[in-house]
Structure formats: C-alpha cells, structure tokens
Amino acid sequence: ARLLPLGVRLVQLRAKGLTPAELHRQIAQSRDLCAAHGAQLVVNDHWQAALDLGCNAVHLGQEDMDSADFPALRRAGISFGLSTHDEAELDRALGETPAYVALGPIWPTRLKQMKWPPQGLARVALSIRQR
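All values reported here derive from a predicted model rather than from experimental measurement.

**Let's talk about the packing of aromatic side chains**
By convention here, two paired aromatic rings are described through the distance between centres and the angle between planes. In the structure shown here, the tally under the stated rule is one aromatic pair. Here Phe70 and Phe80 contribute two aromatic rings whose centre-to-centre distance is 4.9 Å and whose plane-to-plane angle is 50°, an arrangement assigned as tilted. Here the residue Phe70 occupies a position in helix H4 (residues 70-75), and Phe80 occupies one in strand E4 (residues 79-84), the gap between them amounting to ten residues. Each member of the pair, Phe70 as well as Phe80, is classed as buried.

**Here we look at unusual backbone geometry**
For the bond from Gly104 to Pro105, the omega torsion is -5°, close enough to zero to count as cis. Examined against the element boundaries, Pro105 turns out to sit in the loop between strand E5 (100-103) and helix H6 (120-129). The residue Asp45 is not glycine, and still its phi comes out positive at about 75°. As for its position among the elements, Asp45 is in the loop between strand E2 (40-44) and helix H2 (47-52).

**Some words on the pairing of strand E1 (residues 10-13)**
Relative to E2, E1 runs parallel, the two being bridged by four bridges. Pairing of Gln12 across the sheet is with Val42, part of E2.

What counts, and where the lines are drawn
- Residues numbered from 1 in each chain as written.
- Predicted model: local features only at pLDDT ≥ 70, side-chain atom pairs only at ≥ 80, totals over all residues.
- Heavy atoms only, no water.
- Phe/Tyr/Trp six-rings, centres within 6.5 Å; stacked < 30°, edge-to-face > 60°.
- Helix = DSSP H or I, 4+ residues; strand = E, 2+ residues; numbered from the N terminus.
- Buried < 20%, exposed > 50% of the residue type's maximum accessible area, 1.4 Å probe, protein only.
- Pairing = 2+ DSSP bridges.

Structure follows, in structure tokens:
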C-alpha cells in the first residue's frame, strides 16, 4: 500500500501460514490496490484463491504444479510463472508453456531453506543458451 503510490508496477504477494479467510482478504485487498494504481499483482502459490478472486497472474513452485489446474488458469486468462532449480524442473515447466520461468537460486538466501545450492549467473546463462 505504501509503495504503489510511488510507482511500483509489479507486486508479488507471498502470504504464508494464513487462515483461508485472511488469505482471501489479503489477496483481494492487494488485487484492488494494484488495480487502483495500475500495477500488476502476482499471487505466489495460491492459484485457486487467485482464480476465485479474479486475479490475473500467479507464480507457482514445483510443489504447486502438482495440484495446479493449468487448463482452468488458461481459461480464466491467468498468466503464470514457474520456479525451476535444475534441468528436469525446467523441462517440466516449459511443458506447461508458462508466461515466464524463474531459474534459481542464483545467490545464497537466508529467507528460506533451499534444497539446491546457489547456481550463480554463469550457470543460469549457460542453461538459457542451451535452450
């Protein structure tokens, strides 16, 4: 809410550990705030809530892909991006024809526990060139 009036054009909402009611409230509020300021909202993980609330973009991790209804997202016009961490995940993601693919992790993070070591920019560039 504080950054949108300053010109932020893309917001990714990462909402973890909320009750379903609170999750829906936060997504709806974020959707409305972004729309009022001409910004794009990307809902992280919660594709069903984004679908239910008429959002137009989601970002999904590999685990989310197992339950995501990609045909329903496409029918609703919801674009989606997918996280990948290795060649097999990249192949799987590309099979769903996402709007974008996130490759990573690039650098170490303290925000969450990662199963994969940081790849660095050189590794990501190599993966892209090989496609």
